[in-house]
Amino acid sequence: MEKRKVIIDCDPGIDDSLAILLAVNSPELEVLGITVCSGNVPAKLGAKNALKALQMCSSLHIPVYIGEEEPLKRKLVTAQDTHGEDGVGEKFYEEIKTPSIKDGGVDFIINILKNHDKVSIIALGPLTNIAKAIMKDKEAFNNLDEIISMGGAYRIHGNCSPVAEFNYWVDPHSADYVYKNLSTKIHMVGLDVTRKIVLTPNIIEFINRLDERMAKYITEITRFYIDFHWEQEGIIGCVINDPLAVAYFIDRSICKGFESYVEVVEDGIAMGQSIVDSVGFYKNKTNAVVLTEVEEKRFMYMFLKRVFKGYENVIDSVEGVI
Ligand code: RIB
Ligand code: CA
């Protein structure tokens with residue numbers, strides 16, 4: 001099976017870190033690099049957290065690049081109240097010194113697109129790096145195979161305002177620019193589907209019976225996030241948005257949705273809202289696939305089986321129970 005080449009663009013971030021675990025442990029993917037923008041945390045910090053996730057998978061050969069450190073026009077507003085000051089649940093892991101984190105995330109995206117065919121982008125944070133790369137070299141994106149964006153909200157309330165999802169709210173100008181300037185349809189994996197992906201205490205308890213080292217890392221970085229979910233949303237567990245974007249890229253059948261025209265509101269009370277013209281009022285060409293249904297249990301087993309290799313039978317034995 002030919003591996004699909006991908007760039008993971010993200011803002012690690014607890015769920016971004018879990019998404020990196022899934023991507024790196026998926027045989028269908030060749031992760032050519034990880035580019036980091038500011039979002040959950042400033043990009044420099046996010047890049048360190050990306051290294052930690054790669055170290056957990058013995059994959060420090062995958063390069064990590066710092067991209068844009070500020071949104072296109074807005075002042076950066078991070079989510080360190082949700083992900084912790086360090087971006088991974090305030091564990092304050094020891095910094096990984098080698099390999100060194102590189103600068104030039106935007107140029108990395110452009111160069112990879114120009115020098116490889118059929119490269120896809122899985123974007124798990126604000127779309128600042130993607131927007132800047134299009135602005136710098138739109139032609140390079142003629143080689144783009146597919147782009148998946150964890151972001152937006154269609155028929156469900158936002159998580160930064162009644163209508164806006166964090167990634168598109170942090171940098172609405174980049175999000176709107178990308179939706180309007182890519183010839184490749186964007187697969188919008190929004191809150192409509194990601195809110196159904198909940199890492200529950202049962203699953204945490206279960207993984208601690210599997211691989212102790214990986215379970216310890218996942219348990220540690222999600223603890224703060226679980227506390228946040230209880231205090232803010234009365235949920236026991238935590239919504240892990242980003243890994244679903246990776247799972248959907250690998251197996252399209254895990255989500256269902258429809259093609260539509262989408263644009264993002266840049267300012268005002270609805271800033272960051274993804275406007276999904278599902279009825280075609282604006283008579284614009286469709287530029288997105290909006291995902292609205294998900295098989296959440298299938299996702300969780302995919303995640304567990306790939307991240308906890310060697311425990312497939314045990315995981316199969318609890319299918320339908322956790
Ligand atoms: O709204 C959820 C998204 O914003 C996730 O990607 C999370 O990591 C944050 O970036
Ligand atoms: Ca993210």
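About the criteria used
Residues numbered from 1 in each chain as written. Chains lettered and ligands numbered in written order. Predicted model: local features only at pLDDT ≥ 70, side-chain atom pairs only at ≥ 80, totals over all residues. Heavy atoms only, no water. Salt bridge = Lys/Arg side-chain N within 4 Å of Asp/Glu carboxyl O. Helix = DSSP H or I, 4+ residues; strand = E, 2+ residues; numbered from the N terminus. Phe/Tyr/Trp six-rings, centres within 6.5 Å; stacked < 30°, edge-to-face > 60°. Buried < 20%, exposed > 50% of the residue type's maximum accessible area, 1.4 Å probe, protein only. Lys NZ or Arg CZ within 6 Å of the ring centre and 35° of its normal. Near = heavy atom within 4 Å. Polar contact = N/O pair within 3.5 Å; in protein donor to acceptor, adjacent residues only side chain to side chain. Areas by Shrake-Rupley, 256 points an atom, 1.4 Å probe, with all protein chains shown as cover. Nonpolar A, V, L, I, M, F, W, Y, C, P; charged D, E, K, R; others polar.

Structural notes on the pattern of salt bridges
Here is step 1: Summed over all chains, the structure comprises 21 salt bridges.
Here is step 2: Among the salt bridges present, the one from Asp117 reaches Lys5, with a minimum N-O distance of 3.5 Å. Taken together, the residues Asp117 in the loop between α4 (105–115) and β4 (119–123) and Lys5 in strand β1 (residues 4–10) connect sequence positions 112 residues apart.
Here is step 3: Where Asp107 meets Lys136, a salt bridge forms, and the shortest distance between an N and an O atom there is 2.7 Å. Linking Asp107 in helix α4 with Lys136 in helix α5 (residues 128–136), this pair joins segments that are 29 residues apart in sequence.

So, the packing of aromatic side chains
Here is step 1: Under the defined criterion, the tally for this structure stands at 6 aromatic pairs.
Here is step 2: Measuring from ring centre to ring centre gives 4.2 Å for Tyr65 and Phe108, while their planes differ by 20°; the resulting arrangement is stacked. Of the two residues, Tyr65 sits in strand β3 (residues 64–66) while Phe108 sits in helix α4, which places them 43 residues apart along the sequence.
Here is step 3: Ring geometry for Tyr168 and Tyr179: centres 5.8 Å apart, planes at 75°, overall edge-to-face. Within this pair, whereas Tyr168 is found in helix α6 (residues 166–170), its partner Tyr179 is found in helix α7 (residues 172–181), the two being separated by 11 residues in sequence.
Here is step 4: Residue classification places Tyr179 among the buried positions, given a relative accessible area of 1%.
Here is step 5: The aromatic ring of Trp169 is capped on one face by Arg74, whose charged end is 4.4 Å from the ring centroid.

Examining the site of ligand 1
Here is step 1: Taken together, 13 residues lie around ligand 1, and Asp15, Leu124, Glu165, Asn167 and Asp242 are the ones closest in.
Here is step 2: Interatomic distance of 2.9 Å between a side-chain N/O atom of Asp16 and an oxygen atom of ligand 1.
Here is step 3: Within the complex, the protein chains bury 97% of what would otherwise be the 270 Å² of accessible surface of ligand 1.
Here is step 4: Sorting the residues of the shell around ligand 1 by element identifies α1 (14–24) and α6 as the ones contributing at least two each.
Here is step 5: Across the shell around ligand 1, the residue classes tally to 3 nonpolar, 5 polar and 5 charged.

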